[in-house]
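Secondary and tertiary structure notes
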Amino acid sequence: AATPAAQNSVFAIAKAEGKRRLAAQLDLAIMNLFCACGIPIRVADTNEWQEVFRIANPNYSDASRSPIEDSRTPAEAAAVVEEQVALLKNETNLTISFDGGSIRSTQSNLTIHIITEDRRVFFFEGLNSTGFAHTGDYYYECLKDVCTPC
């Protein structure tokens, strides 16, 4: 039979693992909520948002802006890119599409998409192109590494 100390140790490990899993599920759900619904990230720092989590789960402390913005969203973006590259590696006859524009009157951008033979479009990269002359050489520099991971 297990000793009480061993039982307590197993219970503590199981409890910690349960908290870790719940936090991981909440992290992903929160990030998805903000991204999919277009909710401004500043909402996560409001007293109202924090109150929801104080009531729902007082043990969950990462519902603020910093963890969402600094680690969760970049980690999920990296996972999506990995999945996207893995999918595209198996495709043939890919087309690269790029277009420039401006978000604000002084900030220009360049977006790069990859299109598969069956016309599925994948956003590949968005670049801030403010201050660059949009010449053939500039576009070459922006696009030359697109096929490297594939």
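Structural data are supplied above this passage.
Residues take numbers from 1 onward in each chain, read along the sequence in its written order. Selection of residues for local features in this predicted model requires a pLDDT of at least 70, selection of side-chain atom pairs for listing and counting requires 80 or more, and totals for whole chains, interfaces and linings are taken over all residues. The side-chain figures draw on all heavy atoms in the structure; neither hydrogens nor water molecules are used.

1. A word on the overall build of the protein chain
A tally of regular secondary structure across the protein chain gives 4 helices and 3 strands. Only DSSP runs of H or I covering at least 4 residues are called helices, and only runs of E covering at least 2 are called strands; the numbering of each starts at the N terminus. Going from N to C terminus, the protein chain has its helices and strands arranged as α-α-α-β-β-β-α. Expected size for 150 residues packed as a compact globule is a radius of gyration near 15 Å; at 22 Å, the protein chain overshoots this value by more than 25%. The dimensions of the protein chain, computed from C-alpha atoms along their principal axes, are 70 × 40 × 25 Å. Throughout, a contact is declared for two residues whenever any of their heavy atoms are within 4.5 Å. Once local pairs closer than 6 in sequence are excluded, the contacts in the protein chain between residues at least 24 apart make up 36%. Accessible surface area values rest on a Shrake-Rupley calculation with a 1.4 Å probe, where residue burial reflects the displayed protein chains alone. Taken as a whole, the protein chain presents about 10,400 Å² of accessible surface, with 56% of it coming from carbon and sulfur. With 13 positive and 19 negative side-chain charges, the protein chain shows a spacing of 7 Å between the two charge centroids. For this measure, only C-alpha atoms enter the radius of gyration; the expected value for a globule follows 2.2 Å times N^0.38, where N is the number of residues. Under the counting rule used here, the positive set is Lys and Arg, the negative set is Asp and Glu, and His together with the chain ends is not counted. Where a charge lies is defined by one atom per residue type, namely NZ (Lys), CZ (Arg), CG (Asp) and CD (Glu).

2. Section: the pattern of salt bridges
Pairing is possible between side chains that carry opposite charge, provided their charged atoms lie close to one another. Salt bridge, as used here: a side-chain nitrogen of Lys or Arg that lies within 4 Å of a carboxyl oxygen of Asp or Glu. Under the counting rule described, the total for this entry stands at 8 salt bridges. With a shortest N-O distance of 2.9 Å, Glu91 and Arg120 are connected by a salt bridge. Linking Glu91 in the loop between α3 (65–89) and β1 (95–104) with Arg120 in the loop between β2 (107–115) and β3 (121–128), this pair joins segments that are 29 residues apart in sequence. Take Arg120: its relative accessible area is 31%, and that puts it in the partly exposed class. Among the ionic contacts, a cluster of salt bridges with common partners joins Glu17, Arg20 and Arg21. Each residue is assigned to one of three classes by its accessible area relative to the maximum for its type, calculated with a 1.4 Å probe on protein chains only: buried under 20%, partly exposed between the two thresholds, exposed over 50%.

3. As for the layout of surface pockets
Approximately 150 Å³ is the volume found for the largest pocket. In this structure, the largest pocket is lined by Lys19, Leu22, Ala23, Asn57, Asn59, Tyr60, Ser61 and Asp62. Method remark: on a 1 Å grid restricted to protein atoms, a set of points is classed as a cavity if a 1.4 Å probe fits but cannot get out and as a pocket if it is open with protein on both sides within 12 Å along at least five of seven lines; lining residues have an atom within 4 Å of a point. Grid points are joined across faces, edges and corners, and a volume is the space filled by probe spheres set on the points.

4. Observations regarding the packing of aromatic side chains
Aromatic pairs are defined between Phe, Tyr and Trp rings, using the six-membered ring for Trp, whenever the two ring centres lie within 6.5 Å; interplanar angles under 30 degrees are classed as stacked, those over 60 as edge-to-face, and all others as tilted. Under the definition given, this model contains 5 aromatic pairs. Where Phe98 meets Tyr139, the ring centres are 5.1 Å apart and the plane angle is 40 degrees; that geometry is what we call tilted. Of this pair, Phe98 sits in strand β1 while Tyr139 sits in helix α4 (residues 136–143), and the two are 41 residues apart along the sequence. Here the aromatic cluster, defined as three or more aromatic residues joined through ring pairs, consists of Phe98, Phe132, Tyr138 and Tyr139.

5. Considerations on the sheet that holds β1
As summarised here, the arrangement of the 3 strands in space is β1-β2-β3, forming an open sheet in which the pairing is antiparallel. Edge strands, defined here as strands with exactly one partner in the open sheet, are β1 and β3. Each neighbouring strand pair of the sheet contributes to a mean axis angle of 25 degrees, computed without reference to strand direction. Note that β2 and β3 share 7 bridges and pair antiparallel. Here, a strand pair is defined by DSSP locating no fewer than two bridges between the strands. Only the contacting stretch of a helix is used when fitting its axis, a line to C-alpha atoms as for every element, and angles between N-to-C directions run 0 to 180 degrees.

6. Some points on the pairing of β2
Two elements, β1 and β2, share 9 bridges in a ladder whose sense is antiparallel. Residue pairing across strands places Ser102 opposite Ser108, the latter belonging to β2. Hairpin connection of β1 to β2: 2 residues between the antiparallel strands. Connecting β2 to the antiparallel partner β3 that follows it, the hairpin turn spans 5 residues, and Arg119 within it adopts a positive phi of roughly 70 degrees.

7. Focus on the environment of Asn8
If you trace the backbone, Asn8 turns up in helix α1 (residues 4–37). For Asn8, a relative accessible area of 53% translates into the label exposed. For the pair Asn8 and Val85, spaced 77 residues apart in sequence, the C-alpha separation works out to 45 Å.

Keep in mind these values describe shape, not function.
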